[in-house]
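Observations on chain architecture
Now for the letters of each chain:
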Amino acid sequence: MKQILIICFVVAHGVMGQDLLEKGKDLFRHAEMSTTPDVALYKQAAQVLEEYLQTDSLDAEGHYFLGYAYDRISLPSMDFLAKLKIDYLLKSVDHFLRSIKISPVYKGESWHLSAYSKIISMWGTAALSYIVNDKPDSAKLCFRQILKNGVISSTYFDYGENLLRSLPPNSIVFSDDELETFIVYYLQLMDELRKDVTLVNIDFLSSPDYVKFIRSKYIMGTYNIGMDMSDEEVSALRPQVMKPAKITLDIPRTAVEKYEVEKKDKISKIEFTFPPFDEKSPDSTALIVTPAERIILDIIQKTKWLRDISFTLTARGRVRNLLANHLKSQGLAFRLMPFNTAEAGKSIDTELIEVLLSPPPDYFDETANFGMPFDFSSINTGEVVRDRSLYELIDNYSNLYFDLADSYLATGNVERAKIVMINFNTNLKPGEIITNYTTIYRAALLFERVGNLEDFNKMGLLAEKLALDEVANEPFSYNDEANPYDVLLDYYIKTAQHEKLVNMLQKLLNLYPDNEDLKEKLEALQIK
């Protein structure tokens, strides 16, 4: 009887603990959905999660979400950049480190960034906070903390260096990614690399303190951003409704010469309407212009082609989209060009990317200068940490190989495309480094197009396995824009695996019984 009571107590204790974990996570989610930072709710979430960890101190997920809760208390939003609370930041880092120690390959529920990436992001944000408060030495101390705990792979910094190798001298580059932003800031401030570059994080432009930092205090590099806005104007920036107006970027002769624009590609100006508005399907929210959009346009217009403008692969938004036909892929960034690259058939710099993606054996470069080959050494030594945030950046390498192979195939140069895909296999180790089923399946299709059927079969089987794993995790994902079912169905059709195709369609029809398209496809296959 005593043993039964003990077992019942342990089971009840565990159930209560799980209830606390779910309650703490729910409080955190509700705080995240608030239109304004709700520090009180984050504190409630932290309190509940602390209580939960008293019942199970070895739960990586509990430490992960508690780290996030303390992070939000430390800095509720970038509007509080100058008032970051370092005591809560230290608590946050401690719990993220505990999560990593307990589960280096984290399997719990995740929020925006992994524990590894959050450590970089938080210390980077703390460094920015000290910079805007005119304490550069304290900023450097914060950046040093990134490497002190021994959990951050050098692959992060290789990516940052490779991004810098993609940027022409004296560039202004826009990024939408915290991780690559703080990696570059670290390399500039601590390692003195590429001080000629000014990196602007688009998401951070909602913070007046950050805008003042890039305008007047960019100690990471040599050059501030050219802006005419006063402190008062910066502080007054808010989203506002604006009428669509024509934006004109004049292209002087000096820009034509600088970018070596061919005579047939010359244009006198780039014009577009902003904010873009579709009168056929009007949406009044489209007329709302964010502070970030106003600042990006202001920077581009005032630069007047005297400095290069680039967007990293992570950069998104309406301004970037409106300039898409004037961008050229030059590695891990797109460079704004003074002609229509799409019409000219020059959207990708194949010669440069070939150099970037083909480092010679035993290659080493300590400069990160524009056009130097990428460094994949940390990937090839197996040093990569199993970190989903980092893997999203590594996928950018894959897309470069694929785009380069595609460009050669478009001109009929199959042999050159085949070499590109061999280098992809060698440098990025699909299946080990890359475990994204869509990336691996795209590689499979390119191997088929270059006539390498052995690697097509190998990559296809791997993509199938990974896609099936995703189906098991997310069975109701068929209607998602990118989903594993599309990969599996395409693969089974391409490889004539009739039985697997029928079984997969039947499984989908069981999940989506009212889907007429699935019914028609299944009936057509069964008739055959």
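Note that this is a predicted model, so its numbers are computed, not measured.

Looking at the element boundaries, Asp59 is found in the loop between helix 2 (39-55) and helix 3 (60-74). Within the buried core, Asp59 has no salt-bridge partner, and the shortest N-O distance to an opposite charge, that of Lys25, equals 8.0 Å. At 2.8 Å, the side chain of Asp59 and the backbone nitrogen of Glu61 are in polar contact. Within the structure, the side chain of Asp59 is placed 2.9 Å from the backbone nitrogen of Gly62, a separation counted as a polar contact. Look past the residues within four positions of Asp59 in its chain and what remains in contact with it is Gln18, Leu21, Tyr52, Leu53 and Ile102.

The next point concerns the sheet that holds strand 8 (residues 327-329). The strand order across the open sheet formed by five strands is 2-1-7-9-8, and the pairing between neighbours is mixed. With partners counted over all chains shown, the strands left at the sheet margins are strand 2 (198-201) and strand 8, one partner each. On average, adjacent strands in this sheet sit at an angle of 30° to one another, irrespective of strand direction. The pairing of strand 1 (residues 172-175) with strand 2 spans four bridges and is classified as parallel. By the bridge assignment, Ile172 is partnered in strand 2 with Thr198. Lying over the sheet, helix 12 (residues 291-303) contacts strand 1, strand 7 (309-312) and strand 9 (333-336), oriented at roughly 165° with respect to strand 1.

With that settled, the discussion passes to the pairing of strand 2. Residues Thr198 and Val200 of strand 2 are buried on one face, and the alternating residues Leu199 and Asn201, pointing to the opposite face, are buried as well. Handedness of the strand 1-helix 8 (residues 178-191)-strand 2 crossover: right-handed.

Note that Ala115 resides in helix 5 (residues 115-132). Owing to a relative accessible area of 7%, Ala115 belongs among the buried residues under this scheme. With 69 residues separating them along the chain, Ala115 and Ala46 place their C-alpha atoms 16 Å apart. With near-sequence residues (within four places) excluded, Ala115 lies in contact with Tyr64, Phe96 and Ile100.

Moving on, we come to unusual backbone geometry. Here the amide bond leading from Phe274 into Pro275 is cis, since omega sits at -5°, within 30 degrees of zero. In this fold, Pro275 is placed in the loop between strand 5 (269-274) and strand 6 (288-289). Residue Asn170 is not a glycine yet carries a positive backbone phi of 60°. Of note, Asn170 is situated in the loop between helix 7 (154-165) and strand 1. Although it is not a glycine, Trp305 adopts a positive phi angle of roughly 70°. Looking at the secondary structure, you find Trp305 in the loop between helix 12 and strand 7. Taking relative accessible area as the criterion, Trp305 reaches 10% and is therefore assigned buried.

According to the stated counting rule, one finds 33 aromatic pairs in the structure shown. On the basis of an interplanar angle of 45° and a centroid distance of 5.5 Å, the ring pair of Tyr210 and Phe213 is categorised as tilted. Here Tyr210 and its partner Phe213 are both found in helix 9 (residues 208-216), three residues apart, which amounts to about one turn of the helix. Side by side, Tyr210 and Phe213 carry an identical accessibility label, which is buried. An aromatic cluster of at least three residues, connected via ring pairs, comprises Phe28, Tyr42, Tyr64, Phe65, Tyr68, Phe96, Tyr106 and Trp111.

Let's shift gears to the nonpolar core. Here is a general trend for soluble globular proteins: nonpolar side chains tend to be buried in one another's company. Counting residues in hydrophobic clusters, the biggest one holds 172 residues, and the most contacted among them are Leu128, Phe174, Tyr185, Tyr210, Phe213 and Ile300. Per element, the largest residue contribution to this core is twelve residues, and it comes from helix 17 (residues 388-410). Those residues in contact with Phe174 that sit more than four places away from it in its chain are Val200, Ile202, Ile296, Ile299, Ile300, Ile309, Ser310, Phe311, Thr312 and Ala315.

Next up on the list: helix 3. A rise of 1.5 Å per residue sets the reference length of helix 3, with its 15 residues, at 21 Å; its end C-alpha atoms lie 21 Å apart and thus fit the reference within 8%. Burial analysis of helix 3 places 15 of its 15 residues in the buried class, which makes it a mostly covered element. Here helix 3 starts with a cap whose side-chain oxygen sits 2.8 Å from the backbone nitrogen of Glu61, and that cap is Asp59.

Another point: the pattern of salt bridges. By the definition in use, this model includes 33 salt bridges. Note that Arg449 is salt-bridged to Asp406, the shortest N-O span being 2.6 Å. With a gap of 43 residues between them, Arg449 in helix 19 (residues 437-449) and Asp406 in helix 17 connect regions that are remote in the sequence. According to the relative accessible area criterion, Arg449 is partly exposed, its value standing at 46%. Here Glu464 ties to Lys500 by a salt bridge, and the two come within 3.0 Å at their closest N and O atoms. Taken together, the positions of Glu464 in helix 20 (residues 453-473) and Lys500 in helix 22 (residues 498-511) put the pair 36 residues apart, joining distant regions of the chain. On the accessibility criterion, Glu464 (8% relative accessible area) is buried. Within this structure, Glu22, Lys25, Asp26, Arg29, Glu61 and Glu109 form a network of salt bridges that share partners.

Each full turn of the α-helix corresponds to 3.6 residues, which orients residues three or four apart in the same direction. Across its 13 residues, helix 6 (residues 136-148) extends 19 Å between first and last C-alpha, which sits within 8% of the 18 Å expected from 1.5 Å per residue. Those residues of helix 6 that are buried lie in contact with helix 5, helix 7 and helix 8. Trailing helix 6 by a residue or two, Gly150 shows a phi angle of about 70°, which is positive.

So, on to the pairing of strand 9. The pairing of strand 7 with strand 9 spans three bridges and is classified as antiparallel. Within the sheet, the bridge partner assigned to Thr312 lies in strand 9 and is Ala333. As paired elements, strand 8 and strand 9 share three bridges and run antiparallel to each other. Along strand 9, the bridge assignment pairs Lys328 with Arg335.

So, on to the packing of helix 7 against helix 8. Interhelical geometry of helix 7 versus helix 8 gives an angle of 80° and a closest axis separation of 9 Å. Viewed along their axes, helix 7 and helix 8 adopt a mutual orientation that is roughly perpendicular. Residues Tyr156, Phe157, Tyr159, Gly160, Glu161, Leu163 and Leu164 of helix 7 form the contact with helix 8, whose own contacting residues are Leu179, Glu180, Ile183, Val184, Tyr186 and Leu187. For the contact of helix 7 with helix 8, the class distribution of residues is ten nonpolar, one polar and two charged.

So, how was this worked out
Positions within a chain are numbered from 1, following the residues in the order the chain's sequence is written. Since the coordinates come from a predicted model, pLDDT governs what is reported: local features require at least 70, and pairs of side-chain atoms require 80 or more to be given and counted, while whole-chain, interface and lining totals use all residues. Computation of side-chain values covers all heavy atoms of the structure but excludes hydrogens and water. Secondary structure elements follow DSSP: runs of H or I of four or more residues count as helices, runs of E of two or more count as strands, with numbering from the N terminus. Accessible area is worked out with a 1.4 Å probe on protein chains only. A residue is then buried under 20% of its type maximum, exposed over 50%, and partly exposed in between. Charged residues are defined here as Lys and Arg on the positive side and Asp and Glu on the negative side; His and the ends of the chain fall outside this count. Take a side-chain nitrogen of Lys or Arg and a carboxyl oxygen of Asp or Glu: if they are within 4 Å of each other, that pair is a salt bridge. By the criterion applied in these results, polar contacts are pairs of N or O atoms within 3.5 Å in which, for protein atoms, one can donate a hydrogen and the other can accept it, and in which residues neighboring in sequence qualify only through two side-chain atoms. Note on definitions: a residue-residue contact is assigned when non-hydrogen atoms from the two residues lie within 4.5 Å. One bridge is not enough; two strands pair if DSSP finds at least two bridges between them. What counts as an axis is a line fitted to C-alpha atoms, over the stretch in contact for a helix, and the angles between N-to-C directions run from 0 to 180 degrees. Whether a crossover is right-handed depends on one test, that the path from the first strand over the helix to the second runs clockwise when the strands point away from the viewer. Two aromatic rings from Phe, Tyr or Trp, using only the six-membered ring of Trp, form a pair when their centres are within 6.5 Å; if the ring planes differ by under 30 degrees the pair is stacked, by over 60 it is edge-to-face, and anything between is tilted. As used here, the term nonpolar core means buried Ala, Val, Leu, Ile, Met, Phe, Trp, Tyr and Cys residues forming a set that is joined through side-chain atoms within 4.5 Å. For a helix, the expected span equals 1.5 Å multiplied by the residue count minus one. By definition in this entry, angles of less than 35 degrees are roughly parallel, angles greater than 145 are roughly antiparallel, angles of 65 to 115 are roughly perpendicular, and the rest are oblique. All amino acids are sorted into three groups, where Ala, Val, Leu, Ile, Met, Phe, Trp, Tyr, Cys and Pro are nonpolar, Asp, Glu, Lys and Arg are charged, and the leftover types, Gly among them, are polar.

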